[in-house]
There are 2 protein chains.
Amino acid sequence: MPRKARLNERAIAEAALAVLDAEGIEALTMRHLAEKLSTSAMALYNHFPDKDAVLEAVAQLLLAEIEAPPPGIGWQETARRIMRSARTVTLRHPHAAPLIARFPPRTPDALAFVEAGFRSFRAAGFDPHSTARAYRALVAYSLGTLEVELGAYFAAHPAAQAPAGSLDQPSVGRLLPTVDEVGPELAASDPQAEFEFGLNVLITGLEALLPHR
Amino acid sequence: MPRKARLNERAIAEAALAVLDAEGIEALTMRHLAEKLSTSAMALYNHFPDKDAVLEAVAQLLLAEIEAPPPGIGWQETARRIMRSARTVTLRHPHAAPLIARFPPRTPDALAFVEAGFRSFRAAGFDPHSTARAYRALVAYSLGTLEVELGAYFAAHPAAQAPAGSLDQPSVGRLLPTVDEVGPELAASDPQAEFEFGLNVLITGLEALLPHR
DNA sequence: ACCTGAACACCGTTCAAGT
DNA sequence: ACCTGAACACCGTTCAAGT
């Protein structure tokens, strides 16, 4: 907690991330954030045009935490490491993580993993168009996983819960028998294993983008 | 616009969807929604416990719009049709669509496409566990695509924009040459074609879950 | 250039009161 | 059981004023 230090963008963004980690998104108000920085809410507006800009800066901090793999390990391993690192970062900051879906990497530090990934794909023989395609598919899967996992999508999914068993209306089992049958598997799934499965499917499928040898 | 009709959950949810479609998420306040229904904001609380419950109901309306394919067309075609229908629904309701990432299908109408999908997978030889795996991977890709496409993720991506060309700091091209090279491909991409590409990759990869013949 | 505190224009929701 | 209007406890942000 920098009390005497002069206010700046980084200090504000780091304090915002600390608030998110400790108290969640609802606690992140301009007034509360200012309080944590021992200043007034309006002082923050000397450094950011509005609250959304603060959230964008937090997203950049998160994206900068994603590790850029070293060169020379092959495009598959590079993609795997980046995807796993991204997932680890989101699990480390569950309240802040949804922000990376709204704000793509912009700062050099946040773009480091993108540069490493693109470079690895280009070196492996993917042309720029195929590299962009692969990146988009991986981003979509990564952001979707984030929502499913952090949003507890399947925990809230009725198909993942035991039938209600009410007497005065048809049970899920009678009306939607296959939902009833498969549902328990959704609830029992291991997030890490499921993530790796989808990742494997994608990486295997991306090989089709390489020029035929 | 039902003026005289008695207030009920469906009428409120449909009015909320209409507000979202016409004016966007920021216009969806309890006061404004009540105004559209010619009632008071507090009257809505006789039908929903809070605003989040209204949003959940809107999500169920959207999910019910996803078409359940007929049986007998094979699991690949079933998956393709459901995924395409889901994307079409999100493009039809761009302001409401993000809600389906927060609220999974719950009503029988909203679960219809899930039942049809599960049934098709089970009939093709996927066991319940593999069916759940396949569903999760498809949901993650679908929700991720929604965010990328509706959130204009790559339009905001600096890698997708021309270098700023400022003189007093290293350009993106010098610091992140591969981001600079691949970026324009991200901006130029055709959303429909990109979606179909990722969908093909996933469906091809899911075949590995079938028991070996 | 940076900071402050009051004020504005809203929110979702609670409450007391009606029919 | 359903609806109303006032009020409460907040928001993000504008503004006028300070250093």
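Residues numbered from 1 in each chain as written. Chains lettered and ligands numbered in written order. Predicted model: local features only at pLDDT ≥ 70, side-chain atom pairs only at ≥ 80, totals over all residues. Heavy atoms only, no water.

### Quick word on the UniProt feature "DNA-binding region" (unreviewed entry) in chain A
So, point 1. Under the feature "DNA-binding region" (unreviewed entry), the UniProt entry names residues 29–48 of chain A.
So, point 2. The straight-line gap between the two end C-alpha atoms of residues 29–48 of chain A is 14 Å; of that span, 35% is helix and 0% is strand. (UniProt positions renumbered as here; feature names shortened; annotations may be inferred. Helix = DSSP H or I, 4+ residues; strand = E, 2+ residues; numbered from the N terminus.)

### Comments concerning the protein's contact with DNA strand D
So, point 1. Taken together, 17 residues sit near DNA strand D, with Arg31, Met42, Tyr45 and Lys51 of chain A together with Thr39 of chain B positioned nearest.
So, point 2. Of all atoms in DNA strand D that approach within 4 Å of the protein, 44% are sugar or phosphate atoms.
So, point 3. Within the contact set of DNA strand D, a base nitrogen lies 2.8 Å away from a side-chain nitrogen or oxygen of arginine 31 of chain A.
So, point 4. In the model, a phosphate oxygen of DNA strand D is placed 2.9 Å from a nitrogen or oxygen of the histidine 47 of chain B side chain.
So, point 5. Considering only residue class, the surface near DNA strand D consists of 7 nonpolar, 5 polar and 5 charged. (Near = heavy atom within 4 Å. Polar contact = N/O pair within 3.5 Å; in protein donor to acceptor, adjacent residues only side chain to side chain. Nonpolar A, V, L, I, M, F, W, Y, C, P; charged D, E, K, R; others polar.)

### What to know about the interface of chain B and chain A
So, point 1. If you look at the interface, chain B gives 52 residues, while chain A gives 52 residues.
So, point 2. Carbon and sulfur atoms supply 70% of the area that chain B and chain A bury against each other, a total of about 5100 Å² over both sides.
So, point 3. Taken as a group, Arg136, Tyr153 and Phe197 of chain B account for 14% of the area that chain B buries against chain A, more than any other trio of residues on that side.
So, point 4. Our count for the contact surface shared by chain B and chain A stands at 4 salt bridges.
So, point 5. Here arginine 122 of chain A ties to glutamate 181 of chain B by a salt bridge, and the two come within 2.7 Å at their closest N and O atoms.
So, point 6. Seen at the junction of chain B and chain A, the total is 14 residue pairs in polar contact (both at pLDDT 80 or more).
So, point 7. Of all the secondary-structure elements, those providing two or more residues to the side of chain B that touches chain A are helix 5 (99–102), helix 6 (108–124), helix 7 (128–150), helix 9 (177–188) and helix 10 (191–206) of chain B.
So, point 8. Per-element accounting of the side of chain B that touches chain A gives the leading share, 16 residues, to helix 7 of chain B.
So, point 9. Looking at side-chain class alone, the side of chain B that touches chain A contains 35 nonpolar, 7 polar and 10 charged residues. (Contact = heavy atoms within 4.5 Å. Buried area = accessible area lost by both parts, 1.4 Å probe. Salt bridge = Lys/Arg side-chain N within 4 Å of Asp/Glu carboxyl O.)

### A look at unusual backbone geometry
Residue and element names in this part refer to chain A.
So, point 1. A positive phi is found at serine 38, a non-glycine position, where the angle reads about 55 degrees.
So, point 2. Examined against the element boundaries, serine 38 turns out to sit in the loop between helix 2 (30–36) and helix 3 (51–65).
So, point 3. What makes serine 38 exposed here is its relative accessible area of 53%.
So, point 4. One non-glycine residue, alanine 152, lies in the positive phi region at around 50 degrees. (Buried < 20%, exposed > 50% of the residue type's maximum accessible area, 1.4 Å probe, protein only.)

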